[in-house]
Amino acid sequence: MPYQERETKVQYGAFLAIPLKYDPEELAGDYLEKNASYTPLTTMDLNENIKAMLDRSNGEAVGACYRVDRRVLTAPLDQGADARSFRVSNAQGTYDFQLTDSCLYVFHTRIAFLCLSLSFSQMEALRAICNPGFASNEATFTWLDAHGGSHGFSMEQWLEALLQPFGLRKFFDGPSSFLLDAYAHIFALVPDRFQTLEEMRKITFRLHKMLPVDSSMEDESEEDLRYVYGVKDQNLHTYRWGCCIASQTVSYVVADANMDFAHEREAQAQDGLPVVLLSLYEKYTCLRFTELIKRLPKGKAKELKDLMLKFQAFGTVTPANLSRWHNVKQLYAHLLEVNDIATAVQDISSKIGILTAHQEEIQRARSEAVINIITIFGIVSILASVLSIVQILSGGDLLIWASTILTTVMLVLTTVIALWHRKK
């Protein structure tokens, strides 16, 4: 059945991963524990050592995942309100969407990601929210109360009010939108499995463009796209899922005869989202270190260097070690490739070398200064000793002269013997 005939059966969802940053002294740990629940990874798509990286009971963990309840998310809109439905309006129209429990990933490298969980019946809703391809967004937002009342709100003010108590702030300083650099993890649920890879390729490409699955859209100008598919079922001779990976989106289409959207959303949050977040963690950690180096306070170089070295040694993941499934490893490899993360990590290595050389230069200068001071005091001490000896000898008797000459001869002989043994 062509998708033009079953568009009404398609259900859409997305996680908008918003990059954030924090300073250790500002992160509100108590507020985080009170308003978000720690969520260990249970997916079988990742190897156990990778899941341990987000297990806070592990001393070598790089971060942790928290579940943020919808009521906590909507509290800044109106205290006590239970906003379930939202609307976004732009020049093309008005579209409804829903906000559900979302994820907050906090990493030790002073970065975090708020992954807003959205669902909608029209793909145009996500396009209006993100406004891809433009730095600004003129869309307006409203939320609906239990009585159907409509209340306008600012997306920027809402996110700032939500994140500030956690000690989190927008990753890039300045007037740009929170959503400008958000990474979109998009998924569409359809009832029928796929006969060909080409069918999935076309659908996921349209999702990447934030267009409905039945739209006619072709564009060969984008060269940063990669595709990964599920294994073909040998009994049904069909495919269940496929995805399109780009530098700012990853787009899945998944077939489920039962159309259980809640189950699929949870599966995406547990299985697909962590893979995306691991790649984003590496990308934004490199950006964060670059920022910290620029405004490195005096005396903090060693602390930052240790943090960078720990990230380089234990915080990066190679595709080969990620999963037991080849398509998951392939998906992660594509995420690293399209975001050029290998180059970013190499750049951090160069910065570590520069930072180390700078520290060694400072340490060498300090050591030389100390040595020069000791040398000066040594020369002064020698002169004082010589003067003291001269004064003693000038007024001394024969015994003092004999003792001085004998001591000098013994020192000379000892030095000569030591040098001779060393040479031998």
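Please refer to the structure higher up on the page.
Procedures and definitions
- Residues numbered from 1 in each chain as written.
- Predicted model: local features only at pLDDT ≥ 70, side-chain atom pairs only at ≥ 80, totals over all residues.
- Heavy atoms only, no water.
- Buried < 20%, exposed > 50% of the residue type's maximum accessible area, 1.4 Å probe, protein only.
- Helix = DSSP H or I, 4+ residues; strand = E, 2+ residues; numbered from the N terminus.
- Pairing = 2+ DSSP bridges.
- Expected span 1.5 Å × (residues − 1).
- Phe/Tyr/Trp six-rings, centres within 6.5 Å; stacked < 30°, edge-to-face > 60°.
- Arc of directions from axis to C-beta.
- Contact = heavy atoms within 4.5 Å.

Peer 1: Residue-level account of the pairing of strand S12 (residues 241–245), with values.
Peer 2: Judged by how many residues are buried, S12 sits mostly within the fold: five of five residues are covered. Burial of S12 is two-sided: the residues Trp241, Cys243 and Ile245 facing one way and the residues Gly242 and Cys244 facing the other way are all buried. For strand S11 (residues 226–229) and S12, the ladder comprises four bridges, and the chain directions are antiparallel. The residue bridging Arg226 from the neighbouring strand is Ile245, located in S12. Strand direction decides the pairing type here: S12 and strand S13 (residues 249–255), joined by five bridges, are antiparallel. Looking across to S13, one finds that Ile245 is bridged to Val250. As consecutive antiparallel partners, S12 and S13 are separated by three residues.

Peer 1: Lay out helix H10 (residues 326–338) in plain terms, naming residues and giving numbers.
Peer 2: Over its 13 residues, H10 extends 18 Å from the first C-alpha to the last, a length consistent with the 18 Å expected when each residue adds 1.5 Å. One or two positions beyond H10, positive phi appears at Asp340, with a value near 55°.

Peer 1: Describe unusual backbone geometry, naming the residues involved and giving the relevant values.
Peer 2: A positive phi angle, close to 60°, is found at Met210, a residue other than glycine. Tracing the backbone through its elements, the reader meets Met210 in the loop between helix H6 (197–208) and S11. By relative accessible area, Met210 is classed as buried at 4%. For Asp340, which is not glycine, the phi torsion reads 55° and is therefore positive.

Peer 1: Describe the packing of aromatic side chains, listing the residues and the values that go with them.
Peer 2: For the structure shown, the criterion picks out 19 aromatic pairs. Ring geometry for Phe141 and Phe153: centres 5.9 Å apart, planes at 45°, overall tilted. Placement of Phe141 in strand S7 (residues 140–144) and of Phe153 in strand S8 (residues 150–153) is noted, with a sequence separation of 12 residues between them. Of the residues examined, Phe153 reaches a relative accessible area of 15% and is grouped as buried. One aromatic cluster in this structure is built from Tyr105, Phe107, Phe113, Phe171, Phe172, Tyr281, Tyr284, Phe289 and Phe311.

Peer 1: Can you explain helix H5 (residues 155–163)? Please cite residues and give values.
Peer 2: Met155, Trp158, Leu159, Leu162 and Leu163 are the residues of H5 that are buried. When H5 is viewed along its axis, its buried side chains cluster within an angular range of 115° and face the same direction. Lining the buried residues of H5 we find strand S1 (11–21), helix H3 (70–74), strand S5 (93–107), strand S6 (111–120), S7 and S8.

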